[in-house]
Amino acid sequence: MGDRLQLLRNTDLRGRLGIIVSVGAILAVAFLLYSLVARTSYTTMLTGLDPAETGKVTAALDQHGIAYKLENNGTALAVDSSKTAEARVALAQAGLPGRSQPGFELLDKQKLGASDFQQRVAYQRALEGEIARALEQIDGVSSAQVQLTLPQDRLFVDNRQKPTAAVVISGNVGGLDPQAVRGMARLVAASVEGLNPNDVTITDSSGQLLWPQAGGDGAGEASKQAAEARYDQELETRLNALLTRTIGPGKGQVQVSSDLDVDHTTQEKLIYARQGTPLRRTVEQEQLQGGGGAGGVAGTGGNIPTFAQQGVGAGAGSNYRRRNEQTDFGVSKTVERRRVAPGTIRRQSVALVLDTSVPPASVRALQQAVAAAAGIDPKRGDQLTVSRVRFAPAQAPAGSPIGDALGYLKWLALGLAALAFLFFVVRQLRRREQEQLADPVWLREITAPRRLAELEAMRPEEQPTSVMPAVAAGPVQQREPVGASGGYESSAHRTDVERLADEQPDRLAQQVRAWMRES
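Keep in mind that what you see is a predicted model, and the values were worked out from it rather than measured. (Residues numbered from 1 in each chain as written. Predicted model: local features only at pLDDT ≥ 70, side-chain atom pairs only at ≥ 80, totals over all residues. Heavy atoms only, no water.)

### Some words on the sheet that holds strand β3 (residues 76-80)
Then, number 1: Judged by pairing direction, the sheet is antiparallel, and its three strands sit side by side in the order β1-β3-β2 without closing on themselves. Whereas interior strands pair on both sides, the edge strands pair on one side only; in this sheet they are β1 (42-46) and β2 (68-71). Geometrically, the sheet is characterised by an average inter-axis angle of 35 degrees between neighbouring strands, direction not taken into account.
Then, number 2: In this sheet, β3 lies alongside β2 in antiparallel orientation, the contact comprising four bridges. Bridged to Y68 within β3 is V79.
Then, number 3: Taken strand by strand, helix α3 (residues 51-63) contacts β1, β2 and β3, and its axis lies near 165 degrees from that of β2.
Then, number 4: In the packing of helix α4 (residues 84-93) onto the sheet, the strands contacted are β1 and β3, and the crossing angle to β1 comes to about 30 degrees. (Pairing = 2+ DSSP bridges. Helix = DSSP H or I, 4+ residues; strand = E, 2+ residues; numbered from the N terminus. Axes fitted to C-alpha atoms, helices over the stretch in contact; angles between N-to-C directions. Contact = heavy atoms within 4.5 Å.)

Following this line, the structure appears as structure tokens:
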């Protein structure tokens, strides 16, 4: 530290100013780089905030030291991207943001002597709040508003009315699956006694009807256009991702057009087995044997003498046999009843457009890969068309002129600061090279002669003879005075000091330390 201060003292005014300017430039560049690196990036965490609760939310974040930024006139909140999880935990601990509809905690505030009507209304409001909280737990639903119509119980069942429910949801409604909307309707129906899912009406914040679906069957399936659009989008996303990984971004595009069967069909099929199973077997067997001359043929012919001998000869040695076998087979049959889910692909067409920069040798391989990934079936009538055209160059998004100017000014200031720093450093180094350093004070004290009276007046520990005695070796050189001051030539002094440093360096160092302590 002492050497640096001594160097600073020996520097002239211009050198000191150069050093100060250089240090300032270094600090400015370091601060600029730090500000660019440490700039906070924000992520939108809450949307649709009630302005009445914005102060509570910001106070909770300030208590935990989390940076935030209000957007959309105070209805949206963005927090530091690195502290998003901490912000959610902090707001959850504070119970923020507050629910638009209270839940069963309303029943804890019942007053003594409340009428039956007040209790019924309080229960209905609490039930609506609990259903709204349950719906807000679904992905894509940021807030929900529930209104129930609960008729009073009546004595006769025929006069009893059905309960109904109306639900308004907001958030990413376009990303909700039809089955999710159906699940919300069943959730509301299961929360209210006697409520049918078809009596639940669900709309979004724009007033679009989500439930029940058109057709009145309450099945909750998407329409033909919505189903085809969803299928086309999903298939295009997969195929475009495949092209991006293989040939790079901006060199290929896929477009899909499909024809889906979204009708509900029920199939009943009766199947008989090819081979029957024997259930019962019946065998009938009959046998008759006769002797010679036992009698003639019965009737008138046997009593006429003319024919007597012929009848006797014909009945001799008869043998009659009959066998009948019958088997009853049981044939197994299968009755199959199937309900075919909608979404069967009737036909699809895929268009593959490639840039001319794609090598022709890779087009065939890409065509086969896309056909396999899309499930092209020529028997079904599917088509795959491949084209090679020159793509238009991608245009960079137009930025704000002020933002572009500030960006250029930042880099310009950074470059000027770096050039100024190098200029002052180089100039100072060149000046230091041209300067001739003066002899240090301690060196002049070593080589300067002292009078005998001064040496006798010194304390014993300050006398140089006690630390550095005279050199015994070699003859003592007589120095001639130069001028009226009585000094000696600097070259002779340096020679003596160098010889003394070579022969007794320890004692020389001890003497120098003693003089430095005195100064």
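### A few points about the nonpolar core
Then, number 1: Ranked by internal contacts, the top residues of the largest apolar core, which has 24 residues, are I131, L135, I169, M184, V188, V200 and I202.
Then, number 2: Listed by contribution, the elements that provide at least two residues to this core are α5 (116-136), β4 (141-149), β5 (164-171), α6 (178-191), β6 (200-204) and β7 (209-211).
Then, number 3: Beyond its immediate sequence surroundings of up to four residues, I131 is in contact with V146, L148, V188, S191 and V192.
Then, number 4: Formed by 15 residues, the second largest nonpolar core is a distinct cluster that contains V254, L366, V370 and A374. (Core = buried A, V, L, I, M, F, W, Y, C linked by side-chain atoms within 4.5 Å. Buried < 20%, exposed > 50% of the residue type's maximum accessible area, 1.4 Å probe, protein only.)

### Some points on α6
Then, number 1: Compared with the 20 Å implied by 1.5 Å per residue over 14 residues, the 20 Å span of α6 between its first and last C-alpha is a close match.
Then, number 2: Listing the buried residues of α6 in full gives P178, V181, M184, A185, V188 and A189. With its buried residues spanning 135 degrees around the axis, α6 presents them on a single face. (Expected span 1.5 Å × (residues − 1). Arc of directions from axis to C-beta.)

### What to know about the pattern of salt bridges
Then, number 1: All chains considered together, the criterion is met by 11 salt bridges.
Then, number 2: Residue R133 pairs with E130 through a salt bridge whose shortest N-O separation is 3.7 Å. You can see R133 and its partner E130 sitting in helix α5, three residues apart, about one turn around the helix.
Then, number 3: Residue classification places R133 among the partly exposed residues on the basis of a relative accessible area of 23%.
Then, number 4: Taking the shortest distance from any N to any O, the salt bridge between D328 and R280 comes out at 2.6 Å. Remark: R280 occurs in strand β10 (residues 277-289) and D328 occurs in strand β11 (residues 319-330); sequence separation between them is 48 residues.
Then, number 5: On the accessibility criterion, R280 (54% relative accessible area) is exposed. (Salt bridge = Lys/Arg side-chain N within 4 Å of Asp/Glu carboxyl O.)

### Digging into the pairing of β10
Then, number 1: Among the 13 residues that make up β10, zero are buried, leaving the element largely open to the surroundings.
Then, number 2: Sheet topology places β10 next to β11; 12 bridges connect them, and they run antiparallel. What sits directly across from R281, in β11, is T327.

### Quick notes on the side chain of E128
Then, number 1: If you trace the backbone, E128 turns up in helix α5.
Then, number 2: Notably, E128 is buried but unbridged: the nearest opposite-charge side chain belongs to R125, and the N-O separation is 6.2 Å.
Then, number 3: Setting aside residues no more than four positions away along its own chain, E128 makes contact with Q101, V146, Q147 and L148. (Lys, Arg positive; Asp, Glu negative; His and termini not counted.)

### Let's talk about the packing of helix α7 (residues 224-247) against helix α10 (residues 360-374)
Then, number 1: Viewed as axis vectors pointing N to C, α7 and α10 meet at an angle of 150 degrees, and their least axial separation amounts to 11 Å. When the axes of α7 and α10 are compared, the pair comes out roughly antiparallel. Helix-helix and strand crossings are classified by hand; for α7 and α10 the assignment is right-handed. Contacts between α7 and α10 involve Y231, L235, L239, L242, L243, T246 and I247 on the former and, on the latter, L366, A369, V370, A373 and A374.
Then, number 2: Counted by class, the contact of α7 with α10 contains 11 nonpolar, one polar and no charged residues. (Parallel < 35°, antiparallel > 145°, perpendicular 65-115°, else oblique. Left-handed = near helix turned anticlockwise from the far one by under 90°. Nonpolar A, V, L, I, M, F, W, Y, C, P; charged D, E, K, R; others polar.)

### Observations regarding the sheet that holds strand β8 (residues 252-261)
Then, number 1: With mixed pairing, three strands are arranged side by side in an open sheet as β8-β13-β14. Of all strands in the sheet, those with a lone pairing partner are β8 and β14 (383-389), marking the two edges. Pairs of neighbouring strands in the sheet enclose a mean axial angle of 10 degrees, with direction left out of account.
Then, number 2: Bridge count between β8 and strand β13 (residues 344-355): 10 bridges; the pairing is antiparallel. Across the sheet, the residue bridging to D261 is T344, located in β13.
Then, number 3: Along the sheet, α10 contacts β13 and β14; its crossing angle with β13, the most-contacted strand, is approximately 160 degrees.

### Topic: a nonpolar patch on the surface
Then, number 1: On the surface, a nonpolar cluster with roughly 520 Å² of combined accessible area is contributed by L409, L412, L416, L419 and L422.
Then, number 2: Within the fold, L419 resides in helix α11 (residues 401-434). (Patch = residues over 30% accessible without salt bridge, like charges linked within 9 Å, V, L, I, M, F, W, Y side chains within 5 Å. Areas by Shrake-Rupley, 256 points an atom, 1.4 Å probe, with all protein chains shown as cover.)

### Points about the confidence of the model for the chain
Then, number 1: Taken residue by residue, the chain gives an average pLDDT of 76. The fraction at 70 or more is 72%.
Then, number 2: pLDDT under 50 marks residues 215-221. Its contacts with residues more than four places away, or in other chains, come to 14 contacts.
Then, number 3: Across residues 307-315 the pLDDT falls below 50, and counting only partners more than four positions away or on other chains, this stretch makes four contacts in the model. (pLDDT = per-residue confidence, 0-100.)

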